[in-house]
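# Descriptive analysis of the structure
Listed below are the residues making up each chain.
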Amino acid sequence: RSLHDDNRPLFVGNLDPYTSQRELERLFERKGRLKKIEMKRGFAFVFYEDYRDARDAIRSFDGMEFGPDRRKMCVEVARGDGLIKRREDE
């Protein structure tokens, strides 16, 4: 499946555990309108309104150094729906 199939989110990995949602919003908004960002410690799922913006974000941000310790971000199409399960949902 591709990004276009159902406007799948992006997986963003290798984040500093203290990265804020606002920091990610500021970065990823550069490529287009966001629906939302789901964050967990060290990774996030980024949802764009338009799959073409998500594609541009992958090209621009995958491997980019980000955060105070300049970690190289992993940005790719999420394998699942991008919804972070809460313990009580499992």
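A brief report on the enclosed structure follows. (Residues numbered from 1 in each chain as written. Predicted model: local features only at pLDDT ≥ 70, side-chain atom pairs only at ≥ 80, totals over all residues. Heavy atoms only, no water.)

## Section: helix 3 (residues 51–61)
By the burial criterion, the buried members of helix 3 are Asp53, Ala54, Ala57 and Phe61. The arc enclosing the buried residues of helix 3, seen along the axis, measures out at 100°, which places them on a common side. Positioned one or two residues after helix 3, Gly63 has a phi angle of 85°, which is positive. (Buried < 20%, exposed > 50% of the residue type's maximum accessible area, 1.4 Å probe, protein only. Helix = DSSP H or I, 4+ residues; strand = E, 2+ residues; numbered from the N terminus. Arc of directions from axis to C-beta.)

## A short note on the environment of Phe11
Among the structural elements, Phe11 can be located in strand 1 (residues 10–13). With relative accessibility at 23%, the residue Phe11 sits in the partly exposed group. Excluding its chain neighbours within four sequence positions, the residues that come into contact with Phe11 are Phe43, Ala44, Phe45, Cys74, Val75, Glu76, Val77 and Ala78. (Contact = heavy atoms within 4.5 Å.)

## Here we look at the sheet that holds strand 2 (residues 34–40)
With respect to topology, four strands assemble into an open sheet ordered 2-3-1-6, the strand pairing being antiparallel. The strands lining the two open edges of the sheet, one partner per strand, are strand 2 and strand 6 (74–77). Going across the sheet, the axis of each strand differs from the next one's by a mean of 20°, ignoring polarity. Here strand 1 runs beside strand 3 (residues 43–48); their pairing, made up of three bridges, is antiparallel. (Pairing = 2+ DSSP bridges. Axes fitted to C-alpha atoms, helices over the stretch in contact; angles between N-to-C directions.)

## Let's talk about the pattern of salt bridges
Inspection of every chain in the model, using the stated rule, returns nine salt bridges. Between Arg33 and Glu49 there is a salt bridge; the shortest N-O distance is 3.2 Å. Within this pair, whereas Arg33 is found in the loop between helix 2 (21–28) and strand 2, its partner Glu49 is found in the loop between strand 3 and helix 3, the two being separated by 16 residues in sequence. According to the relative accessible area criterion, Arg33 is exposed, its value standing at 60%. Judged by relative accessible area, Glu49 falls into the partly exposed class, the value being 42%. Close ionic contact of Asp56 with Arg59 constitutes a salt bridge, the shortest N to O distance being 3.1 Å. Remark: Arg59 and Asp56 occur in helix 3; sequence separation between them is three residues, near one turn of the helix. A residue is classified by how much of its surface remains accessible, and Arg59, at 60% relative accessible area, is exposed. (Salt bridge = Lys/Arg side-chain N within 4 Å of Asp/Glu carboxyl O.)

## A closer look at the environment of Arg41
Within the secondary structure layout, Arg41 lies in the loop between strand 2 and strand 3. Once the C-alpha coordinates of Arg41 and Thr19 are considered, the two residues, 22 residues apart in sequence, prove to be 8.1 Å apart. Excluding residues within four positions of it along the chain, Arg41 makes contact with Pro17 and Tyr18. Here Tyr18 takes part through its side chain, which lies 3.0 Å from a polar atom of the side chain of Arg41. (Polar contact = N/O pair within 3.5 Å; in protein donor to acceptor, adjacent residues only side chain to side chain.)

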